[in-house]
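# Per-entry structural report
So you can see what is in the structure, the chains are spelled out below.
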Amino acid sequence: MIDLKNSRPTIHSLADLLNSDKLTSVALCELYLKHAEAVESKIDGFLKLDKDIILNAAKASDERRKAGKCLSPYDGVPVACKDNITVKDESCSCASKLLENFIAPYDATVVERMKNSGIILFGRTNMDEFAMGASCENSAFKPTKNPWNTNCVPGGSSGGSAAVVAAGEVPASLGSDTGGSIRQPAGFCGVVGLKPTYGRISRYGLVAFASSLDQIGPITNDVEDAAILLDILAGHDPKDSTSIPESNQNFAEAGKKRDALKGLRVGLPKEYFEMDGLDEGVKAVLTESIETLKAAGAEMVEISLPHTEYAVASYYVIATAEASANLARFDGIRYGNRSPEATDLIGTYFESRGAGFGEEVKRRIILGTYVLSSGYYDAYYLRAQKVRTLIRQDFDNAFKQCDVIYTPVSPMTAFGIGEKSDPLQMYLADIFTIALNLAGNCGISLPAGLHKDNGMPVGVQFIAPAYQEKIMLEAAASFESVRNKQEFIPQL
Amino acid sequence: MAAEKIDVGHVAQLARITLDDDSKARFQENIESILEYVEKLSELDVSGIEPTAHAAPLTNVLRDDVKKESFSRDVMLSNAPATVDDELVAVPPVLPGEESS
């Protein structure tokens, strides 16, 4: 029997059980639903978890399997969705009051792909409102707690998605990453989080925050699972004009590799490791993990990413500018909550947006509007885009000397709920993840150990050149197989 | 870069967002400190550098001008806060003083 208090079954192990008839999808989903029921009051990771929808889909999966008509080897496995990814006829609130009653009329491409594989959509997870945040505290509805310490944040903005996987409520989930929003919560919660190369996974059905930075990605219990989901989700989509051509790489195969570290050149960016705010306990885990990489045959190379210190500034100009444009559609007219306070059209825009958006969202829209406004566009937005080019060049240059880049995911472990009240302090916490979104490369975060003082998970990140998810997955899977044999399971 | 301070009230007008006085004051402080931090971008020499607008090297991705399946009217209206005859989205009066029909 599966014990969700003390184990974290992977998608690949569950698929084996389902395909050898040792377990039905209904029984599997009932197990996860029961466990979720038991722990959700401590975690608050889900915004919606509809038992009927889930069990009906599970039943259909079991029938397909009985008839020998499985849609894929993963038919019947449950996966949760962040509440900014549309599922037809289900709510899609983006954790905002403005969209709290919105029902999506179509499936996101990633959802269509999962349904075509027979995957069971298992609930809608909590997030920072409109994906703006690094702690899940900006949800209009409730904060999610970190399963490792419920006084701490799970990270954000995909905090709910990371927490429910870490807590064993579901074997995998989807998140979205604009400045680190998959990788950082995965790091804080001790699970695996993957951001693909920009354009690898379709954004059709992902409520847009910053269109040149957003990507959907999987959050899982091991690297192989992330690779399996990447295979299912990735692909060219004519409905997304930023979607890159089909890859011919077999990602799932890459996720099974165990010996990729031998002779691998691993770049250590000195600006990251020498950073002032890097916590001693986090540094200690990193240092130990570097020894592990060396012992497995990897060649460590010191590299430089000279424009690291400008990444947060560049990001917060570009992302807020793009957000101000993307969120202009939320005006209370065609969808979303319309304020009854207004008596005329323009008043409706003001009042619906004023009442519907939370504080952080309003702040970012205002900042974004300012940096795009006449007289300021060149000084802020255009300049930030040029700095973005410099940051991209940093990575391109670094990859001439190494195969993958290795970094901490965050300067600290999960901080306390309510601890970071200054917006700028919150932004600076993204320093290790943010540059990747600007450059467009792929990155994966996975746990390397626990902090010696507070016992919280410490995440590490493998970064590969754009389009090279294969080498990133091979390196991460190989590291995962040799790192300390720790099972990353929080006691709830 | 700009030396004048942001006028949060004015920008909120541009962004069509109602802000109460408390929020306005709070945002004024927050955003000023963020902009001060962002000033560091002006340290860099970006002469001759092309701006990056997008992370993937794709341009002018077009499709053939052929009619395809789209959503039906009732799907499009399903989330509308107010409708007229199940055909149109009802909106408040466009001009002040106008009666809504």
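Read on for an overview of the structure. For clarity, every value in this text was computed on a predicted model and none was experimentally measured.

### Topic: the packing of aromatic side chains
Under the defined criterion, the tally for this structure stands at 19 aromatic pairs over all chains. Ring centres 5.1 Å apart and planes at 40 degrees place the aromatic pair A:Tyr106 and A:Tyr204 in the tilted group. Placement of the pair is A:Tyr106 in the loop between strand S2 (78-82) and helix H4 (109-116) and A:Tyr204 in the loop between strand S5 (192-195) and strand S6 (215-220), with a sequence separation of 98 residues. Since its relative accessible area comes to 22%, A:Tyr204 is described here as partly exposed. With centroids separated by 6.2 Å and ring planes inclined at 70 degrees, the aromatic side chains of A:Phe330 and A:Tyr335 adopt a geometry described as edge-to-face. For A:Phe330, a relative accessible area of 5% translates into the label buried. Three or more aromatic residues link up through ring pairs in this structure, and these residues are A:Phe102, A:Phe130, A:Phe330, A:Tyr335 and A:Phe357. Over the aromatic face of A:Phe415 sits the side chain of A:Lys420, whose NZ or CZ is 5.2 Å from the ring centroid. Taking the ring centre of A:Tyr310 as reference, the NZ or CZ of B:Lys40 above it sits at 5.1 Å.

### Remarks on the sheet that holds strand S10 (residues 442-450) of chain A
Each strand in a sheet pairs with its neighbour through backbone hydrogen bonds, running either in the same direction (parallel) or in the opposite one (antiparallel). All names here are of chain A. Read from one edge of the open sheet, 11 strands run S1-S3-S2-S4-S6-S5-S10-S11-S9-S7-S8, paired in mixed fashion. The open sheet has two free edges, formed respectively by strand S1 (46-48) and strand S8 (299-303), since each of these has just one partner strand. Recorded for the sheet is a direction-independent mean angle of 35 degrees between the axes of neighbouring strands. Where S10 meets strand S11 (residues 457-464), 8 bridges bridge the pair, whose relative direction is antiparallel. When the bridges of S11 are listed, cysteine 442 appears paired with alanine 464. Seen against the sheet, helix H17 (residues 469-482) touches S5, strand S9 (404-408), S10 and S11 and runs at an angle of roughly 10 degrees to S10.

### Points about the environment of A:Asn146
All names here are of chain A. Of note, asparagine 146 is situated in the loop between strand S3 (120-125) and helix H5 (159-166). You can call asparagine 146 buried: its relative accessible area is 0%. Those residues within four positions of asparagine 146 in sequence are excluded, and the remaining contacts are Cys152, Val153, Pro154, Phe188, Cys189, Ala414 and Met456.

### A short note on the interface of chain B and chain A
With 54 residues of chain B in contact, the opposing surface of chain A contributes 66 residues. Contact between chain B and chain A buries roughly 5500 Å² in total, counting both sides, with carbon and sulfur atoms accounting for 68%. The interface formed by chain B and chain A includes 2 salt bridges. With its nearest N and O atoms 3.0 Å apart, the salt bridge here joins B:Lys40 to A:Glu309. Broken down by secondary-structure element, the contributors of at least two residues to the side of chain B that touches chain A are helix H1 (8-14) and helix H2 (21-38) of chain B. If one sorts the elements of the side of chain B that touches chain A by residue count, H2(B) sits on top with 9 residues. Looking at side-chain class alone, the side of chain B that touches chain A contains 39 nonpolar, 8 polar and 7 charged residues.

### Side note on the packing of helix H7 (residues 223-233) of chain A against H17(A)
Residues and elements named next belong to chain A. At a minimum axis distance of 9 Å, the contact between H7 and H17 shows a crossing angle of 155 degrees. Classified by the angle their axes make, H7 and H17 are roughly antiparallel. Here Val223, Ala227 and Leu230 of H7 come into contact with H17, specifically with Glu469, Leu473, Ala476, Ala477 and Glu480. Among the residues making up the contact of H7 with H17, the classes are represented as 6 nonpolar, no polar and 2 charged.

### Overview of the packing of helix H11 (residues 311-326) of chain A against helix H13 (residues 359-372) of chain A
Residue and element names in this part refer to chain A. H13 packs onto H11 with a crossing angle of 100 degrees between their chain directions and a minimal axis gap of 7 Å. Regarding the angle of H11 to H13, the classification is roughly perpendicular. Each of Tyr316, Val317, Thr320, Ala321 and Ser324 in H11 lies in contact with H13, whose residues at this interface are Arg364, Ile365, Leu367, Gly368, Thr369, Val371 and Leu372. Counted by class, the contact of H11 with H13 contains 7 nonpolar, 4 polar and 1 charged residues.

### Considering the environment of A:Phe141
Residues and elements named next belong to chain A. With respect to the element layout, phenylalanine 141 can be found in the loop between S3 and H5. Here the alpha-carbon distance between phenylalanine 141 and methionine 127, two residues 14 residues apart in the chain, equals 9.5 Å. When near neighbours in sequence (up to four residues on either side) are disregarded, phenylalanine 141 contacts Leu47, Ser93, Ala95, Ser96, Lys97 and Glu100.

### Describing H4(A)
All names here are of chain A. Along H4, the residues classified as buried are Thr109, Val110, Val111 and Met114. Buried residues along H4 sit in contact with S2, S3, strand S4 (172-177), S6 and H7. Directly after H4, the chain includes glycine 118, whose backbone phi takes a positive value near 85 degrees.

### Observations concerning the pattern of salt bridges
Where charged atoms from two side chains of opposite charge approach closely, those side chains can pair. For the structure shown, the criterion picks out 22 salt bridges over all chains. With a shortest N-O distance of 2.9 Å, A:Arg183 and A:Asp177 are connected by a salt bridge. Residue A:Arg183 shares its accessibility class with A:Asp177, and that shared class is buried. Among the charged side chains, a network of salt bridges with common partners joins A:Glu359, A:Glu360, A:Arg363, A:Arg364 and B:Arg26.

Calculation criteria
Residues numbered from 1 in each chain as written. Chains lettered and ligands numbered in written order. Predicted model: local features only at pLDDT ≥ 70, side-chain atom pairs only at ≥ 80, totals over all residues. Heavy atoms only, no water. Phe/Tyr/Trp six-rings, centres within 6.5 Å; stacked < 30°, edge-to-face > 60°. Helix = DSSP H or I, 4+ residues; strand = E, 2+ residues; numbered from the N terminus. Buried < 20%, exposed > 50% of the residue type's maximum accessible area, 1.4 Å probe, protein only. Lys NZ or Arg CZ within 6 Å of the ring centre and 35° of its normal. Pairing = 2+ DSSP bridges. Axes fitted to C-alpha atoms, helices over the stretch in contact; angles between N-to-C directions. Contact = heavy atoms within 4.5 Å. Buried area = accessible area lost by both parts, 1.4 Å probe. Salt bridge = Lys/Arg side-chain N within 4 Å of Asp/Glu carboxyl O. Nonpolar A, V, L, I, M, F, W, Y, C, P; charged D, E, K, R; others polar. Parallel < 35°, antiparallel > 145°, perpendicular 65-115°, else oblique.

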